[in-house]
Amino acid sequence: MSTFDALRGQLLDAAAAFSGGGDALAGILSGMVDDVDRMLREELEIFPVCHHSPASALAMTRRLRDKRPKVVYLELCEDMRPLLDELRNCRLPVALQAFATQLDGFPAGSGPLSVIAPVTEASAEYQAIAYALDTPGVEIVLVDRSVDHVFQWLPQETADSAGSAGSAPEEAGSVEDGHGDEAALHGDAVGVEIGDLRPRFAELEKHLLHHGKVRHWSEWWDQYVEQPLTGADYGTYRQAMALVGSLFRRLRPDGDGRLAVDEERERYMWTRIREHLAASSADPADCLYVCGAFHAVSTIAEFGLRSEAPPYEISPRTGTRWLYGLIPSSHSAIEAQFGLAQGSVSIAAATWAKAVKRGGLTPHRLEGQQGGPGKRAAKATKAAKAAPPVAAEPAADRLTGFLAGPPVLDGLDEDELRGWCVDIVRLARRNGYLASTADAIAVFETSILLAGLRGRARPTPYDFADAAVTCIEKDAVPGRRDVRRLCEILLGGDKIGMVGYEALPPLARDVYDRLEPLGLDLTRRTQQRVLLDLKADPELEPCSDLLWTLRYLLPDGALRPIMGARRLGERPIQESWDVALGRHQREIVELGYEGVTVEQVLEQRLRRTAWDPQATTGVALAAVEDAILYLGGRRLAGELGARAVELLAAERTVDDAPEVLRRIRRLLTYYRASEPELPAWCEDFVTAGYAHYCTLLPTAFADDDTGVRQVGAMLGFLFTLESLALSLGCERAQLELAVRQSHPRAPAKVALLWAAQTQLSLLTREELRARCDELLANPLVVPAYPLYVSGFVQALEPVPGLAPFVVEALSKAFARLPDPVLLPWLPTLITTLRRHAPELVPVLVREAGRTFPGALAELDAWTPPWERPAAPARRTRAAAAPSGPVSALLTRHPQACDAMAALLGCTAEWGSGRQENAEVAALLARHPATTGAVAALLGA
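Sequence order sets the numbering: in each chain, residues are counted from 1 along the sequence as written. Local features in this predicted model are restricted to residues whose pLDDT is 70 or higher, and side-chain atom pairs enter the listing and the counts only when it is 80 or higher, whereas totals over whole chains, interfaces and linings include all residues. Only hydrogens and water are set aside when side-chain values are computed; all heavy atoms of the structure are taken into account.

Caption draft 1: Quick peek at the packing of helix 13 (residues 331–338) against helix 14 (residues 344–359). Note on method: axes are straight lines fitted to C-alpha atoms, helices fitted across the in-contact stretch only, with angles between N-to-C directions ranging 0 to 180 degrees. By definition, any uninterrupted DSSP run of H or I lasting at least four residues is a helix, any uninterrupted run of E lasting at least two residues is a strand, and each is numbered from the N terminus. In the contact formed by helix 13 and helix 14, the axes pass within 8 Å of each other and the chain directions differ by 125 degrees. Classified by the interaxial angle, the pair formed by helix 13 and helix 14 is oblique. Two secondary-structure elements touch here, helix 13 through His 331, Ile 334 and Glu 335 and helix 14 through Ser 344, Val 345, Ser 346 and Ala 349. Grouping the constituent residues of the contact of helix 13 with helix 14 by class yields three nonpolar, three polar and one charged. An angle below 35 degrees is read as roughly parallel, one above 145 as roughly antiparallel, one from 65 to 115 as roughly perpendicular, and any other as oblique. Working rule for contacts: check all heavy atoms of both residues, and any pair within 4.5 Å makes them a contact. Residues were grouped as follows: Ala, Val, Leu, Ile, Met, Phe, Trp, Tyr, Cys and Pro as nonpolar; Asp, Glu, Lys and Arg as charged; and all remaining residues, including Gly, as polar.

Here's what the structure looks like:
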């Protein structure tokens, strides 16, 4: 006879009574009993758990103490096994992480990939890990799919779950708010967990929440599973947890593709278990298989050690190189990762602590772990380990009695509830609420009332939180924390873990060591202020360099400079920083996956940025500037600069021209001030840019899609760097030819072209003034005159000497246009200048300030410079023939000068060479003493 024949008969009778003889309900109930029976008959003991469940952790503690297994098989990614030894160097909660940036075998652009598995003290997996690592002769084996297989199967899993109604969106939405940075500790990593017990379709969950009189799934689980199983014996816990797993498994809707993925995981785990038993010759009676309750009642053919199914072929891993480490975690991060209700993990931790204290249990903790047990607890743990194992009892039906009788719940603990009410009022007053003793009494009574309405013997933390919100929170939240968040803090708070120094990657340890002279406690999550006096303490300069590099690599908020800046050619004397590296330990750990030092990571990122297929010339020049600022040296800057030359020569548009001009000017100024000569890449960039922009200039003038600012930046490059380009071998004829071939139609570009022609002496200032006067005189062109002005303003960058003329052009417009034309025209002028040339308007304003009078009284007598009469031409005197040994030598040998004159096209004739300036000769004759004194001084 089967162990559960009596229970099966009762369930079938109940199914017939409730369903009217239907086979569906009878099949589900009978199948659930069969699943539990099959699990109990398995030769290898299976321990079903739920993720972060206090009841599972308590049952695991008791079972490990009684059974003393020699091998523990754990449902966790098998390639994360080396990380378990580092848990003793951390303060829980932390998360095991696998990270990959260089992908091989996955779609391009899908990286970086990250997987995390959080671990808390109130979890069955941590109890098993601590027991196995600290007990001699015990081996722990991770049997779940590798991290690589997680992402190999992820597209199928995502596609399958997208079409099913297996999630509860209302709960996920409530998790995201309220915790800030702590909820984002896991980033966008994919989470893996042990025992994901939750209905996979919304209809069942909604039904359970409605009839359970709870608001979300975490509260239902705590009320109807956690509390009844917390004090249950091992047999009852095991059978009840397996029954729940079977219920959710059999109630999955048809076509749910996630079941196929779960079955693949189960085949993988059983294959690894059989392989290990065959290789180690371990006795299955001395082994324990810890897995989720959903997997404990699997129906696959490969289930069990005596399975006769054909061998399961595990697919090979891809060529992706995975890096492993530990990152800090928190209760809120776990809730956000796995869609739990806000505060549920903190309540579970409080339930665990209370149950341990009440039951007198000694939980397993890794020796040497931060926040670990004291000496008394350690002695108790050693005594428990030395105790002989308890013989296993034969499997008996514990479900019948557990399901037939009501759960034994604790009665009302008035002292506990009264303490909660007093403490929440104290916290509320501290956070700005006008709470009083009357509110504490109201919360106490409302908690009892809500528990009674919901059919509970005692108020749960969820009832208490609802009562506190009802009685204390009014129409507005006076501070940054609402009452529900205060209840979470009161009931356990958001515990945040920390990875110890020994468990950090080499890069993170190097960062901590190099910042040690600052005297900061980098494990603190609070913000710390540090002052660096680099003049008084030059040995702090390496710390300053590291802080600037970390600020570049880490997200905003990790490091914030209060005083001091890092620019090309500048070194601050003092710096002040706000340091909050303790909050960003995860980011520092992930930097360790990219390199050994932060300088190596920065170099790799700069190279990756410059060689990205979407990189532009401006991006490459920015990388050059960052390399100079943070890494120094000329090697990397030269490579990045050569890349910028390649990108510039390959560009077919000039959209990036303003940024290119700004950055290359700054770099040239830096090199001229700090280096004896320009780097070779700078010279190549100037020559390539000169030829490139000359080639594209006619097209840019004619193209309507190219803005005025871009064309002005091109002209700025050509004119401001012209002397350097000509000295490097460029020809000015190329620029003149490009300007002559330009025929723009837009008014602003026409003005730019006129300015360029003026700079090249192809157009005189008088001709330019005449053209502007014609524009003002033409009524049809006056509405477009602001566009011409904006073009002239853009020309101030390549032709700064044009500023007085622009002031003149604007002044003439204000003087000549009548008010009916000028007043509607002004808004167009202002918006045009604001849109096209906001950074150049201050130059125009300064020039206007120099042109116009400074006082109102001077305005009546002031005449504009362009209206003043031209000064009479000065009579020039014939230049006297030069005299001296040089002129005499050239006169005696005129062939060289004649050849040079012929080369330059000059036709001047030679003078006598003996003519003297009569006035000078007369002056020297009248005052011979001066000539004698000079001759004596020169020793003549």
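Structure shown, so let's carry the discussion forward.
Caption draft 2: Here's a closer look at the environment of Ala 130. Looking at the element boundaries, Ala 130 is found in helix 5 (residues 124–134). Spatially, the C-alpha atom of Ala 130 lies 8.7 Å from that of Arg 88, the residues being 42 residues apart in sequence. Once residues within four sequence positions are removed from consideration, Ala 130 is found in contact with His 364, Arg 365 and Leu 366.

Caption draft 3: View of the confidence of the model for the protein. Confidence of the prediction at every residue is given by pLDDT, a number between 0 and 100. The predicted model of the protein averages 80 in pLDDT, with 85% of residues at 70 or higher. Residue range residues 156–179 is modelled with pLDDT below 50. Its contacts to residues more than four positions away, or to other chains, number 44 contacts. Across residues 373–377, confidence stays below pLDDT 50; counting only partners more than four residues off in sequence or on other chains, it has three contacts.

Caption draft 4: Quick peek at the sheet that holds strand 13 (residues 574–579). Think of it this way: DSSP has to see at least two bridges between two strands before they count as a pair. What the three strands build is an open sheet, ordered 11-13-12; its pairing is antiparallel. Bordering the open sheet on either side are strand 11 (528–533) and strand 12 (559–563), each of which pairs with just one other strand. If you compare each strand with its neighbour and ignore which way they point, the axes differ by 25 degrees on average. One ladder, built from six bridges, connects strand 11 with strand 13; its direction is antiparallel. Counted as the bridge partner of Leu 532 is Glu 575 from strand 13.

Caption draft 5: The pairing of strand 2 (residues 71–77), seen in detail. Along strand 2, seven of the seven residues are buried, which leaves the element largely enclosed by surrounding structure. In terms of strand pairing, strand 2 meets strand 6 (residues 139–144) through five bridges, oriented parallel. Looking at the pairing, Leu 74 lines up with Leu 142 of strand 6. Looking at chain direction, strand 2 and strand 8 (residues 287–292) are connected through four bridges and run parallel. When the sheet's bridge partners are listed, Val 72 is paired in strand 8 with Leu 288. When accessible area is computed with a 1.4 Å probe and restricted to protein chains, residues below 20% of their type maximum are described as buried, those above 50% as exposed, and intermediate ones as partly exposed.

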